[in-house]
Amino acid sequence: MTSQLFEPGVQETLDLVGIFVFALSGGLLAVRKNLDIFGIAVLAEVTALGGGVFRDLIIGAVPPAAFQNMGYFLDPLAATLVVFFLHPEVQRINRTVQLLDAAGLGLFCVAGTAKAHDYGLGVVASVALGMATAVGGGVARDLLANELPSLLRWDRALYAVPALVGSAIVAGLITVHHLTAVTGTFAALSAFVLRMLALRYDWRAPRAWHRGSASPEGEGDGG
Amino acid sequence: MTSQLFEPGVQETLDLVGIFVFALSGGLLAVRKNLDIFGIAVLAEVTALGGGVFRDLIIGAVPPAAFQNMGYFLDPLAATLVVFFLHPEVQRINRTVQLLDAAGLGLFCVAGTAKAHDYGLGVVASVALGMATAVGGGVARDLLANELPSLLRWDRALYAVPALVGSAIVAGLITVHHLTAVTGTFAALSAFVLRMLALRYDWRAPRAWHRGSASPEGEGDGG
Amino acid sequence: MTSQLFEPGVQETLDLVGIFVFALSGGLLAVRKNLDIFGIAVLAEVTALGGGVFRDLIIGAVPPAAFQNMGYFLDPLAATLVVFFLHPEVQRINRTVQLLDAAGLGLFCVAGTAKAHDYGLGVVASVALGMATAVGGGVARDLLANELPSLLRWDRALYAVPALVGSAIVAGLITVHHLTAVTGTFAALSAFVLRMLALRYDWRAPRAWHRGSASPEGEGDGG
């Protein structure tokens, strides 16, 4: 099992930290959207666990890990309480939340890619699914909140590219049979550092060429 | 099979009633959104069957029941015709529709929790999935209609909490090995009564504390 | 395997053409929504593969074909590059794109219905799933782009009905044991021609009767 890179206890602690931070981001969006405590809990759960549940459904690992490990499920509820009572304080440490979110991004793309490969997926599919594990929860969060997914917006700093890089490094390591706790940590750190740099310098991806000739948004035919 | 609480014929009749009423709620939203008859049918199907399909995918019960029982699939099409030809009449009996919807909520959270537990999920996960069975179709309906899910809005009477209570009672009954047709009916009735009271007295869930310090909706960063 | 209607090479070529054109439609919407190149790639992948992934999850064919055949996954990325560099040219040949999209609709509803039946689904469920294979990607595309699904809007030419007709013909052919490459092509062509006629003459589905009594859109209660 290449997806078990670390000691079980270490792995679970890392997972719980990543889940908690992703849940915070879901809960904070719920507060901004004026939702009640139940809405906060739903967005926290979906943001934290959505990517992993999608991955597990695709690879056939049912019931998904999120429904088998009670800790994974209760963790976002703890984040819900933190957001409910302390959201101004959480927003005040926004930079810390972004830093932890970047760490979660790194951890989840590595674990997702490794697990997908464990279940027999090819290299390209494993990279795609690793990336989806890391970013899927945020997309589900934005869909439920009825917003254009932050992931897709050009006016946001790169988010998917760091996850893609981390996943690709893991896939490369698997191909040359050198995925270990040390090299896996390196892959996660690469995604983490890239995300922090993208935030610091506001790196963005390019939009289509010759946009002037496109019809303005809202006028187009949706299908 | 604890999920087979009632005689098969009784169970199927209850299921069909619940599916029909959920489908009505989907069809009525489609009419309000000015969709054509095909859009009415899609929202009717999704609202009625979405929660159960989600549950069955998570527990690995594929193909989902909705794709194996032709009655479950045709039932929402009957509701589509009713809405298409008689929607003013259906809206006029809105209180009756709400009452039947509350009954469906009670039935689905009980059946969903019991089925999840049958498939080996733990108590907490079974409660979560029972609740998702009851409310998931409505969330899918609102997503397709491009609206903020009614479930998440603070200005709506409690909907998820009654389902949660019904699911939790079932989980408690399973734990003490006392889930029967009688006690299962009690759990469904508890959810039903709680939902009707929430409607009657407009009970709502609280929003986050200290909201004044949150940025107003729409200004926030989505990710 | 009735879903293998054609020689493997022919089948795969047809699949790749259909996937490419669906991906173009996703990419073009992304450009209209002002998304970056990554958003174009995501909408291209989701539009092209979403319907098939949904079908495969429902019938239990995991991992879905899109995650097992690298060509299916890379194909939308090629469409992404075409849209990124040449989208004004792609929009200029909009009629050609619509024609190819109609061809994709025909191919996918036939293949989807046949595959669903191969996996043991009944006739009605196979028709429903064949239609979902053909239109599901477009719905996922519109959801991610935060738009009311084009499929559901009454002011768009018929899209689901041609897929329904194609799927129903396939189901009929399966029932009388006469589904072959020739009759399957006939079913796909029927859907294709119907879609082209709907576009040419702007055929639409009816909305609910007595709409005057409905509250205007936006005023209604969402749940």
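Since this is a predicted model, take the numbers as computed values, not measurements. (Residues numbered from 1 in each chain as written. Chains lettered and ligands numbered in written order. Predicted model: local features only at pLDDT ≥ 70, side-chain atom pairs only at ≥ 80, totals over all residues.)

Before going further, it helps to examine the overall build of chain A. On a plain count of helices and strands, chain A comes out with seven helices and zero strands. Element order for chain A, N to C, with α for helix and β for strand: α-α-α-α-α-α-α. Compactness check: chain A gives a C-alpha radius of gyration of 18 Å against a globular reference of 17 Å for 223 residues, within 12% of the reference. For chain A, the spread of C-alpha atoms along the principal axes amounts to about 50 × 45 × 35 Å. Within chain A, the fraction of its 223 residues that count as buried is 55%. Here the analysis covers contacts within chain A between residues at least 6 apart in sequence; of these, 73% occur between residues at least 24 apart. (Helix = DSSP H or I, 4+ residues; strand = E, 2+ residues; numbered from the N terminus. Rg over C-alpha atoms; globule rule 2.2 N^0.38 Å. Buried ≥ 20, exposed ≤ 12 C-beta atoms within 10 Å, placed from the backbone. Contact = placed C-beta atoms within 7 Å.)

To continue, consider helix α5 (residues 123-144) of chain B. All names here are of chain B. The terminal C-alpha atoms of α5, which comprises 22 residues, lie 31 Å apart, in line with the 32 Å expected from a rise of 1.5 Å per residue. A bend of about 45° at Val135 is the largest found in α5. Taken across its 22 residues, α5 has 19 buried, putting it largely inside the fold. Looking at the residues trailing α5, positive phi occurs at Asn146, about 60°. (Expected span 1.5 Å × (residues − 1). Bend = angle between axes of the 7 residues up to and from the residue.)

Okay, the environment of Ser126 of chain B next. Mapped onto the fold, Ser126 of chain B is located in helix α5. Setting aside anything within four residues of it in sequence, one finds Ser126 of chain B in contact with Thr113, Ala116, His117, Leu121 and Ala171 of chain B.

Our next topic: the relation of the copies chain A and chain B. Once chain A is rotated about the relating axis by 120° and shifted along it by 0.0 Å, it coincides with chain B to within an RMSD of 0.0 Å. Taken together, the turn and the small shift mark the pair as related by a three-fold rotation axis. Minimal C-alpha separation from the rotation axis in chain A is found for Asn146 of chain A, amounting to 4.0 Å. The overlap is low: 9% of the interface residues of chain A also sit at the interface in chain B, so different surfaces are used on the two sides. (Least-squares fit on C-alpha atoms with pLDDT ≥ 70 in both.)

Time to look at the nonpolar core. Ile40 and Met131 of chain A, Ile40 and Met131 of chain B together with Ile40 and Met131 of chain C are the most contacted members of the largest nonpolar core, which has 231 residues in total. Setting aside its immediate chain neighbours within four residues, Met131 of chain A contacts Cys109, Ala160, Ala163, Leu164 and Ser167 of chain A. (Core = buried A, V, L, I, M, F, W, Y, C linked by C-beta atoms within 7 Å.)

Moving on to the interface of chain A and chain B. Contacts between chain A and chain B engage 32 residues on the former and 33 residues on the latter. Tallying contributions element by element places helix α3 (residues 70-92) of chain A first for the side of chain A that touches chain B, with seven residues. When grouped by side-chain class, the residues that make up the side of chain A that touches chain B number 20 nonpolar, six polar and six charged. (Nonpolar A, V, L, I, M, F, W, Y, C, P; charged D, E, K, R; others polar.)

The next point concerns unusual backbone geometry. All names here are of chain A. The residue after Val62, namely Pro63, is reached through a cis peptide bond having omega -10°. Of note in this structure, Asn34 is not a glycine but carries a positive phi near 70°. Relative to the elements of secondary structure, Asn34 occurs in the loop between α1 (8-32) and α2 (37-59).

Once turned by 120° and shifted 0.0 Å along the axis, chain C lies on chain A with an RMSD of 0.0 Å. The two copies present different faces, since only 9% of the interface residues in chain C are matched by interface residues at the equivalent positions in chain A.

Facing the 34 residues of chain C at the interface are 32 residues of chain A. Elements that contribute at least two residues to the side of chain C that touches chain A include exactly α1 (8-32), α2 (37-59), α3 (70-92) and α5 (123-144) of chain C. Top contributing element to the side of chain C that touches chain A by residue count: α3 of chain C, with seven residues.

Glancing now at the environment of Ala205 of chain B. Relative to the helices and strands, Ala205 of chain B resides in the segment after α7 (181-201). Take Ala205 of chain B: there are 19 C-beta atoms within 10 Å of it, and that puts it in the partly exposed class. When neighbours within four sequence positions are excluded, Ala205 of chain B is seen to be in contact with Asp36, Ile37 and Phe38 of chain A together with Trp154, Leu158 and Val161 of chain B.

What follows concerns the packing of α2 of chain C against α3 of chain C. How two helices sit against one another is set out by the angle between their axes and by the gap between those axes. Residues and elements named next belong to chain C. Close contact between α2 and α3 brings their axes to 9 Å; oriented N to C, the two are set at 135°. In terms of axis orientation, α2 runs oblique to α3. At the point where α2 passes α3, the crossing takes the right-handed sense. Of α3, the residues touching α2 (which contributes Ile37, Ile40, Ala41, Ala44, Glu45, Ala48 and Leu49) are Tyr72, Asp75, Pro76, Leu77, Ala79, Thr80, Val83 and Phe84. Of the residues belonging to the contact of α2 with α3, the class tally is twelve nonpolar, one polar and two charged. (Axes fitted to C-alpha atoms, helices over the stretch in contact; angles between N-to-C directions. Parallel < 35°, antiparallel > 145°, perpendicular 65-115°, else oblique. Left-handed = near helix turned anticlockwise from the far one by under 90°.)

What follows is about α2 of chain A. Residues and elements named next belong to chain A. Along its 23 residues, α2 runs 33 Å from first to last C-alpha, staying within 8% of the 33 Å computed at 1.5 Å per residue. The largest bend in α2 comes to about 50°, at Leu49. Of all the 23 residues making up α2, 22 are buried; the element is thus mostly covered by neighbouring parts of the structure. Looking at the residues trailing α2, positive phi occurs at Gly60, about 80°.

We now examine the packing of helix α2 (residues 37-59) of chain B against α5 of chain B. Residues and elements named next belong to chain B. Between α2 and α5, the shortest axis-to-axis distance is 7 Å and the interhelical angle comes to 135°. What the angle tells us is that α2 and α5 run oblique. Our pair here, α2 against α5, has a crossing hand that is right-handed. Only Leu129, Ala132, Thr133, Ala134, Val135, Gly136, Gly137, Gly138, Ala140, Arg141 and Leu144 of α5 make contact with α2, whose side of the interface consists of Leu43, Val46, Thr47, Ala48, Leu49, Gly50, Gly51, Gly52, Phe54, Arg55 and Ile58. Residue classes in the contact of α2 with α5 are distributed as twelve nonpolar, eight polar and two charged.

Attention shifts here to the environment of Val193 of chain A. Locating Val193 of chain A in the fold gives a position in helix α7 (residues 181-201). Sequence separation between Val193 of chain A and Leu129 of chain A is 64 residues, and the spatial gap between their C-alpha atoms is 21 Å.

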